[in-house]
Amino acid sequence: EAGVAQSPRYKIIEKRQSVAFWCNPISGHATLYWYQQILGQGPKLLIQFQNNGVVDDSQLPKDRFSAERLKGVDSTLKIQPAKLEDSAVYLCASSFSEDSGYTFGSGTRLTVV
Amino acid sequence: KQEVTQIPAALSVPEGENLVLNCSFTDSAIYNLQWFRQDPGKGLTSLLLIQSSQREQTSGRLNASLDKSSGRSTLYIAASQPGDSATYLCAVFRPGNTPLVFGKGTRLSVIA
């Protein structure tokens with residue numbers, strides 16, 4: 001089966017600019033997650049979707065971050081305006097069920113200068 | 001709140017050695033545990049998934065065990081190779097398709 005697709009792979013922007021990331025999960029995976037991984041740390045959850053509904057966005061900095069999942073398939077994560085501390089790898093993951101585990105995409109490395 | 005700790009943070013071994021990576025978690029009411037590998041600048045590759053009814057899983061030279069009562073998991077790598085050099089991450093999740101909670105990882109270097 002095809003994996004989780006993410007784009008772009010890399011992005012460099014200046015602070016206060018906006019940026020968007022895209023994720024296409026594995027077909028049939030109802031649950032989709034966005035994680036932020038700062039260098040040297042484990043990934044931390046930003047938002048969880050079940051189909052096209054938000055299950056958990058308690059750790060999403062809503063003043064600057066937003067996310068949506070179109071028709072319960074693709075998802076986009078946006079940052080506006082970006083800050084220096086947003087420099088990180090943004091990972092998208094999807095799962096079919098809790099017994100099937102999670103599959104991650106290759107991530108987007110964001111550098112804010 | 002679930003916390004996951006991985007020890008050691010970094011490990012360097014000569015090629016051919018057997019090694020053990022440790023993962024501990026504070027809330028034993030987990031459902032499943034998953035080990036991942038991450039190469040520099042890349043995403044996460046799933047290595048092993050241990051479901052709640054299992055105590056261990058094996059794939060090739062890798063063996064992972066889970067002891068929920070003590071809040072521990074170990075990843076055993078046999079006959080290490082330079083290609084095993086990467087960061088290994090442990091993650092746990094509770095029932096109900098809940099998010100993974102990760103440790104900070106162990107950075108492994110296997111020296112030829």
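Note that the structure is a prediction, hence the values are computed from the model and not measured.

(A) Region of the structure containing the sheet that holds strand 3 (residues 19–24) of chain A. Residue and element names in this part refer to chain A. Pairing in this open sheet of four strands is antiparallel, and the strands run 1-3-8-7 from one edge to the other. Of all the strands in the sheet, just strand 1 (5–7) and strand 7 (65–69) have a single pairing partner and so form its edges. Adjacent strand axes in the sheet meet at a mean angle of 15° when their direction is disregarded. Both strand 7 and strand 8 (residues 75–79) contribute to a ladder of five bridges, which runs antiparallel. In the strand pairing of strand 8, phenylalanine 65 is matched with isoleucine 79.

(B) Structural view of unusual backbone geometry. Here the amide bond leading from serine 7 of chain A into proline 8 of chain A is cis, since omega sits at -5°, within 30 degrees of zero. Within the element layout of this structure, proline 8 of chain A appears in the loop between strand 1 and strand 2 (10–13). Of note, the bond from glutamine 80 of chain A into proline 81 of chain A is cis; its omega dihedral lies within 30 degrees of zero at -5°. Although it is not a glycine, asparagine 51 of chain A sits at a positive phi angle of roughly 55°. Not every positive phi belongs to a glycine, and alanine 79 of chain B is a case in point at roughly 45°. Within the secondary structure, alanine 79 of chain B sits in the loop between strand 8 (72–77) and strand 9 (86–93). Under the relative-accessibility criterion, alanine 79 of chain B is labelled partly exposed at 36%.

(C) Just the state of the cysteines, in detail. Using the criterion set out here, one finds two disulfides over all chains in the structure. One disulfide in the model links cysteine 23 of chain A with cysteine 92 of chain A; its S-S distance is 1.9 Å. Classification of the bridge connecting cysteine 23 of chain A and cysteine 92 of chain A rests on its S-S torsion, roughly -70°, and on that basis the disulfide is left-handed. Of this pair, cysteine 23 of chain A sits in strand 3 while cysteine 92 of chain A sits in strand 9 (residues 88–95); the two residues are 69 residues apart in sequence, bridging distant segments of the chain. Across this residue pair, the class does not change: cysteine 23 of chain A and cysteine 92 of chain A are buried. The partner cysteine of cysteine 23 of chain B in its disulfide is cysteine 90 of chain B, sulfur to sulfur 2.0 Å. Looking down the S-S bond of the cysteine 23 of chain B and cysteine 90 of chain B bridge, the torsion is -55°, so its handedness is left-handed. Highlighted residues: cysteine 23 of chain B in strand 3 (residues 19–25) and cysteine 90 of chain B in strand 9, separated in sequence by 67 residues. Across this residue pair, the class does not change: cysteine 23 of chain B and cysteine 90 of chain B are buried.

(D) Structural view of the pattern of salt bridges. All names here are of chain A. Scanning all chains against the criterion turns up five salt bridges over all chains. Notably, a salt bridge pairs aspartate 86 with arginine 64, separated by 2.5 Å at the nearest N-O pair. In this pair, aspartate 86 is assigned in the loop between strand 8 and strand 9 and arginine 64 in the loop between strand 6 (53–56) and strand 7, connecting sequence segments 22 residues apart. Of the residues examined, aspartate 86 reaches a relative accessible area of 2% and is grouped as buried.

Parameters at a glance
- Residues numbered from 1 in each chain as written.
- Chains lettered and ligands numbered in written order.
- Predicted model: local features only at pLDDT ≥ 70, side-chain atom pairs only at ≥ 80, totals over all residues.
- Heavy atoms only, no water.
- Pairing = 2+ DSSP bridges.
- Helix = DSSP H or I, 4+ residues; strand = E, 2+ residues; numbered from the N terminus.
- Axes fitted to C-alpha atoms, helices over the stretch in contact; angles between N-to-C directions.
- Buried < 20%, exposed > 50% of the residue type's maximum accessible area, 1.4 Å probe, protein only.
- Disulfide = S-S within 2.5 Å.
- Salt bridge = Lys/Arg side-chain N within 4 Å of Asp/Glu carboxyl O.

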